[in-house]
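Structural characterization, general
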Amino acid sequence: MAPGSVSSTLLQSASLLGSLLAVCVAHEVNILDSKSALGEPGWIASPPEGWEEISGYDEFHTPIQMYQVCHVMKPNQNNWLRTNWMMRGGAQRVFLELKFTLRDCNSIPGISGTCKETFNVYYHESDSERVSGIHESQYVKVDTIVADETFTEIDLVGRIMKLNTEVRDVGPLAKKGFHLAFQDVGACIALVSVRVYYKRCPRTVRGLAVFPDTVTGAESSSHVEVRGACVENSVEEEAPRMFCSANGKWLMPVGRCVCGPGYEQAVDGCQGVLCSRNLHDEFANKSAALVWHSHQGRRKWRKHPKLGLLLRQANSCYPKFIY
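As the structure is a computational prediction, the values presented were derived from the model and not from experiment.

For the protein chain, the helix and strand inventory stands at five helices and 23 strands. Within the protein chain, buried positions represent 41% of all 323 residues. By sequence separation, contacts in the protein chain at least 24 residues apart represent 66% of the contacts at least 6 residues apart. Total accessible area on the protein chain stands at roughly 18,100 Å², and carbon and sulfur atoms take up 52% of it.

Below you can see the structure in the form of structure tokens.
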């Protein structure tokens with residue numbers, strides 16, 4: 001294969017690999033993942049004898065720290081658990097992924113209507129992490145969480161983990177950060193993990209225009225309009241724009257860039273016309289092939305009136321081949 005063909009193939013392969021890697025970039029950015037947090041979470045329980053921090057295992061049998069509460073014999077339970085303060089960054093809407101187990105009240109002997117099978121999730125926005133205590137009136141309710149599956153004494157004996165996963169969204173957010181809080185009203189719960197994240201549309205190249213990482217909008221139906229920047233050696237034909245959807249996907253490309261004079265499109269970029277696969281054939285046809293010849297025992301380039309220009313142009317395409 002000719003050197004020009006090899007270089008062109010490598011260029012296209014590299015561009016294709018870059019596109020594939022862009023597709024693989026996560027659309028979700030974690031703000032909190034309690035399973036991967038180092039050490040003890042250190043969340044605040046109110047009253048202190050309500051929720052308790054314990055060591056346990058997740059669904060992959062990995063040791064983790066989690067919280068549980070199980071005061072089902074006494075009525076009028078009101079146990080709160082508050083996370084640490086989290087900065088929202090540029091996110092206007094965040095998502096909560098809760099993984100938990102919940103005991104079937106009918107499987108607990110000796111209770112008389114005091115056991116519950118739900119718990120509540122709240123959040124509180126603030127511009128500072130210096131928030132003392134848990135003031136219930138300051139919290140906004142996200143939802144009441146109901147388990148799809150509950151466990152019994154038989155499951156405990158058989159070490160069967162009936163894990164529930166629920167996702168809720170919170171927003172629009174306006175202040176610098178927020179706390180989450182979980183309210184127990186008399187259930188037997190193990191809060192296995194809490195993940196808080198936001199979504200983004202990852203950097204991409206469309207129509208020879210680069211669109212940067214973009215955080216999704218404040219509403220669940222938001223579409224954020226983003227202006228693209230033309231890649232090197234290209235110019236706008238029509239202003240490139242795309243919309244970042246609420247689920248972190250790019251939609252509705254409008255406009256595009258085109259390669260400038262003396263350049264042609266190669267995957268997601270513009271390369272010089274002399275960088276085409278037939279570079280060396282073109283040189284050969286014009287008696288200006290980039291080959292060495294011997295002259296008085298020294299290797300020199302074959303003379304050509306425009307050899308200097310050709311070398312500079314070719315060197316911009318294949319610097320490692322020329323030298």
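Before going further, it helps to spend a moment on the environment of E136. Tracing the backbone shows E136 in the loop between strand 8 (118-126) and strand 9 (140-146). For E136 and A181, which are 45 residues apart along the polypeptide, the C-alpha to C-alpha distance reads 9.4 Å. Once residues lying within four places of it in the same chain are set aside, the contact partners of E136 are N78 and W80. Among the polar contacts listed, one links the side chain of E136 to the side chain of W80, at a separation of 3.2 Å.

The subject of this paragraph is the state of the cysteines. Applying the stated criterion across every chain yields a total of five disulfides. The disulfide bridge from C201 ends at C244, spanning 2.2 Å between sulfur atoms. With the S-S dihedral at roughly 95 degrees, the linkage between C201 and C244 falls on the right-handed side. Here C201, found in strand 12 (residues 188-201), pairs with C244, found in strand 18 (residues 234-245); they are 43 residues apart in sequence, far enough to count as distant. Of the two residues examined, C201 and C244, each falls in the buried class.

Here we take up the confidence of the model for the protein chain. Averaged over every residue, the pLDDT of the protein chain is 80; residues scoring 70 or more account for 75%. Contacts from residues 1-25, a stretch scored under 50 in pLDDT, to residues over four places away or in other chains number 22 contacts. Under a pLDDT of 50 for its full length, residues 286-295 has, in the predicted model, 26 contacts with residues more than four places off or in other chains.

What counts and what doesn't
- Residues numbered from 1 in each chain as written.
- Predicted model: local features only at pLDDT ≥ 70, side-chain atom pairs only at ≥ 80, totals over all residues.
- Heavy atoms only, no water.
- Helix = DSSP H or I, 4+ residues; strand = E, 2+ residues; numbered from the N terminus.
- Buried < 20%, exposed > 50% of the residue type's maximum accessible area, 1.4 Å probe, protein only.
- Contact = heavy atoms within 4.5 Å.
- Areas by Shrake-Rupley, 256 points an atom, 1.4 Å probe, with all protein chains shown as cover.
- Polar contact = N/O pair within 3.5 Å; in protein donor to acceptor, adjacent residues only side chain to side chain.
- Disulfide = S-S within 2.5 Å.
- pLDDT = per-residue confidence, 0-100.

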